[in-house]
Amino acid sequence: MENLPLEMFAPLLERFAPGVEASGRLSTNVEGRFRAPAKLESLSVEGTLGVRELLVTAPALGTDRVALARLDAGCRLAYEDGKLQIERLTTQSDVGSASLSGTFELGDGSSPELLAWLPRQTFDAQGQVDLARLANLLPDTLRIREGTQIISGQLQAALAARPKPDRTEWTGRLMASNLAAMAGGRRLVWQQPILIALAAHQTAEGPVVESLKCESDFLKADLSGTPQEMTARAAFDLKRLAAELSQFVDLGGLALAGDGWARLTWQRGPDQGFRALGELELKNFQFTAGDRRPWFEPSLTASFSATGRGDSVSAARLDAARFEVAAGDAPADQVEVRLTQPVLDLRRGGQWPLEIRSKGQLARWLPRIAPWVELDDFELAGSYELGAQVTASADSVAAKEARLDVTDLKFRSGGRTVTEPKAQIIASGSWDHAARRLAVASASLTVGGLSARATDVVAAFEPGGKTELAGTVQCQGSLQELARWAFDSSSPWQLFGHLAGNVKFRQQGQTITGTLETTIDDLEIGRASGRERV
């Protein structure tokens, strides 16, 4: 086939990639043979495919357009008796090229774990990207600084697995180099953004890594070891990373700083039992997103430990695990997550029964969430302690008796400022990811002279934006306390009395039904000049 217009495939493209449009001229020449009396036994394919004057637009690209003068691909491969032989698989375009050859044992067609399957294959994969052409092609997608033109830069990658008489040897390399740009008549250079090199081999006992190193201006890392013991170390400078990137990329007001180190060790015994330990230390960490309040941690440390059983490339079960974080000046905020029971069938995800503990200062948490949540007119302070029993899996999360106690609470938002010596929240509930359903069996709030309790609350978020809500809420307390939370502190009005209420509600679609029962005893409404009994 020669010079087929890509526009003729628009209905098919719209079905599988809505909003994506493509134009150009397609030419292809492919020959194939196969034998499948009951199931596929053999297959051979050889051919070429080429597109000229390719133009692609998509919502994800914004104002950018993928415009390539040429895109060529070719292949020669064969499949027989569960083995795929790739003699040649290539692609070339204006911005780069890639190639793959090798032999892959596909077996019976099941889905083996990648880490266990890949070391047994032999192949050679290579690729390269012209960063200057890519940046000129997609300036908005890559957030290239306005007035900056990338004039050079290469990204090269190679990974190979070659058989030897007693083992399979692995070599790999990923390198970005010679990145340069012109901005305002000034030449900007980042000579070696990153270099990753791998030397390893596969044995009957598992992989042996002679060296896996990463070298760059902002990161130094290395990993080495045997199936019985592996060690990884890293040192990094986030401020240097942000400084180098900001020469070429518009970070959109994002500021990043801090330096630190990390260490990981893995040990495995003859009984397939393993032990893993990890540490992280970060000093003077800072993260600011646009005009949001900055997140700053003078000190942040994290550690984890785990024991379990598994083979050389993956864990089958997790018997014990602990993760701890300390952040901020002393006394630091602390978070501890501990596995309370073994996680069986870890390869399938398993059930994770966890105990979560945390204590510290609420005021420190506002900057930590400020980069993602608007908190300009919001202040929160007080000491807190949090505890929860949680069971998590890939499908759901359930919390039992999650409890938050706050001492010396101070809350300010708008014109309201409230202080309370004690506050407490206790809740139990679950989230079903597949059904997009939140179920709160019970939740209670006690603060000052106010208390509220919710039971059997369900929130289901259906596709298309439909929401179903249902539940019961009971509350009681002093009207004077309620007014402090509900009204501006400058309001001349004061409320006195006692409120008791019960609400049952249900929302389906746009319809809300329910009942409301409220009793107010000893109601008084007053101005600053004096009370008036109602």
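Note that the structure is predicted; figures quoted are calculated from it, not measured. (Residues numbered from 1 in each chain as written. Predicted model: local features only at pLDDT ≥ 70, side-chain atom pairs only at ≥ 80, totals over all residues. Heavy atoms only, no water.)

**Quick look at the overall build of the protein chain**
Put simply, the rule is: Helix and strand assignments come from DSSP, with helices taken as H or I runs of at least 4 residues and strands as E runs of at least 2, each series counted from the N terminus. Throughout, the radius of gyration refers to the C-alpha atoms, and the reference size of a globule is 2.2 Å times the residue count to the power 0.38. Under the scheme applied here, a residue whose accessible area is under 20% of the maximum for its type counts as buried, over 50% as exposed, and between as partly exposed, the area being computed with a 1.4 Å probe on protein chains only. Per-residue accessibility takes into account occlusion by the displayed protein chains alone, with areas from the Shrake-Rupley method and a 1.4 Å probe.
Across its full length, the protein chain holds 6 helices and 29 strands. Its C-alpha radius of gyration of 31 Å places the protein chain more than 25% over the 24 Å reference for a compact globule of 534 residues. Overall, the protein chain is about 95 × 60 × 60 Å in size when its C-alpha atoms are taken along their principal axes. Among the 534 residues that make up the protein chain, the fraction classed as buried is 30%. Total accessible area on the protein chain stands at roughly 31,500 Å², and carbon and sulfur atoms take up 56% of it.

**Digging into the side chain of D333**
As a reminder, the rule being used: By definition, residues are in contact when any of their heavy atoms lie within 4.5 Å.
Tracing the chain through its elements places D333 in strand β19 (residues 333-339). Here D333 is in contact with V325, A326, A327, K359, G360, Q361, R364, W365 and R368, once residues within four sequence places are set aside.

**Details of helix α6 (residues 479-486)**
Heads up, the condition is: Here a polar contact is recorded for every N or O atom pair within 3.5 Å, except that within protein the pair must consist of a potential hydrogen donor and a potential acceptor, and residues adjacent in sequence are included only if both atoms are side-chain atoms.
All buried positions along α6 are accounted for by L479, E481 and A483. Of the residues that open α6, the one with a side-chain oxygen 3.2 Å from the backbone nitrogen of Q480 is S478.

**Examining the pairing of strand β26 (residues 467-478)**
As a reminder of what qualifies: We treat two strands as partners when DSSP finds at least two bridges between them.
Bridge count for strand β25 (residues 450-461) against β26 is 10 bridges, and the pairing is antiparallel. By the bridge assignment for β26, S451 is matched with Q476.

**Observations concerning the packing of aromatic side chains**
We describe a pair of aromatic rings using the distance from one ring centre to the other and the angle between the two ring planes. The test is simple: Ring pairs shown here join Phe, Tyr and Trp side chains whose ring centres sit within 6.5 Å, with only the six-membered ring taken for Trp; geometry is labelled stacked below 30 degrees between planes, edge-to-face above 60, and tilted in between.
Taken as a whole, this structure holds 9 aromatic pairs when the rule is applied. Centroid distance W295 to W372: 6.3 Å. Interplanar angle 65°. Geometry classified as edge-to-face. Of this pair, W295 sits in strand β17 (residues 295-310) while W372 sits in the loop between α5 (365-369) and β21 (378-392), placing them 77 residues apart in sequence. You can call W295 buried: its relative accessible area is 16%. For W372, a relative accessible area of 59% gives the class exposed. Seen in terms of ring centroids, W431 and F461 are 6.3 Å apart; in terms of plane orientation they differ by 50°. Their pairing is tilted. Linking W431 in strand β23 (residues 416-432) with F461 in strand β25, this pair joins segments that are 30 residues apart in sequence. On the basis of relative accessibility, which here comes to 30%, the residue F461 falls in the partly exposed class.

**So, the pairing of strand β10 (residues 186-190)**
As defined by bridge partners, strand β9 (residues 168-183) adjoins β10 across 5 bridges and the pair is classed as antiparallel. Within β10, the position partnered with A183 by the bridge is R186. Adjacent in sequence and paired antiparallel, β9 and β10 are bridged by 2 residues, among which G184 carries a positive phi angle near 60°.

**Quick word on unusual backbone geometry**
Between A330 and P331 the backbone carries a cis peptide bond, its omega angle lying at -5°. Relative to the helices and strands, P331 resides in the loop between β18 (315-327) and β19. Backbone geometry places R436, a non-glycine residue, at a positive phi of 50°. The residue R436 is located in the loop between β23 and β24 (437-447) in this model.

**Digging into the pattern of salt bridges**
Formally: Put simply, a salt bridge is a Lys or Arg side-chain nitrogen that is within 4 Å of an Asp or Glu carboxyl oxygen.
Taken as a whole, this structure holds 27 salt bridges when the rule is applied. A salt bridge links E105 to K83; its shortest N-O distance comes to 3.7 Å. Of this pair, E105 sits in strand β6 (residues 96-105) while K83 is found in strand β5 (residues 83-93), placing the two residues 22 residues apart along the sequence. Classification of E105 as partly exposed rests on a relative accessible area of 40%. When its relative accessible area of 36% is taken as the criterion, K83 is described as partly exposed. Bridged by salt links that share partners, the residues E297, D333, R364 and R368 form one connected network.

**So, the environment of E31**
Tracing the chain through its elements places E31 in strand β2 (residues 21-35). Each C-alpha atom of the pair E31 and S358 lies 64 Å from the other, and the pair is 327 residues apart in sequence. E31 has contacts with S44, V45 and E46, leaving out every residue within four places of it along the chain.

**Here we look at the environment of T513**
Mapped onto the elements, T513 comes out in strand β28 (residues 511-527). Take T513: its relative accessible area is 46%, and that puts it in the partly exposed class. Residues T513 and A470 lie 43 residues apart in sequence; the distance between their C-alpha atoms is 9.4 Å. Ignoring anything within four residues of it in the chain, the contact list for T513 reads K504, F505 and R506.

**A closer look at the side chain of S27**
For S27, the position within the fold is in strand β2. Of note is the side chain of S27, whose polar atom sits 3.2 Å from the side chain of E2. Look past the residues within four positions of S27 in its chain and what remains in contact with it is M1, E2, N3, T48, L49 and G50.

**Observations regarding a nonpolar patch on the surface**
Quick reminder of the rule: What makes a patch is a set of residues exposed beyond 30% relative accessible area and free of salt bridges, joined within 9 Å when like-charged and within 5 Å when nonpolar (Val, Leu, Ile, Met, Phe, Trp, Tyr).
A surface patch of nonpolar side chains, about 440 Å² in accessible area, is lined by M8, F9, L12 and F16. Within the secondary structure, F9 is located in the loop between β1 (4-5) and α1 (10-16). For F9, a relative accessible area of 34% gives the class partly exposed.

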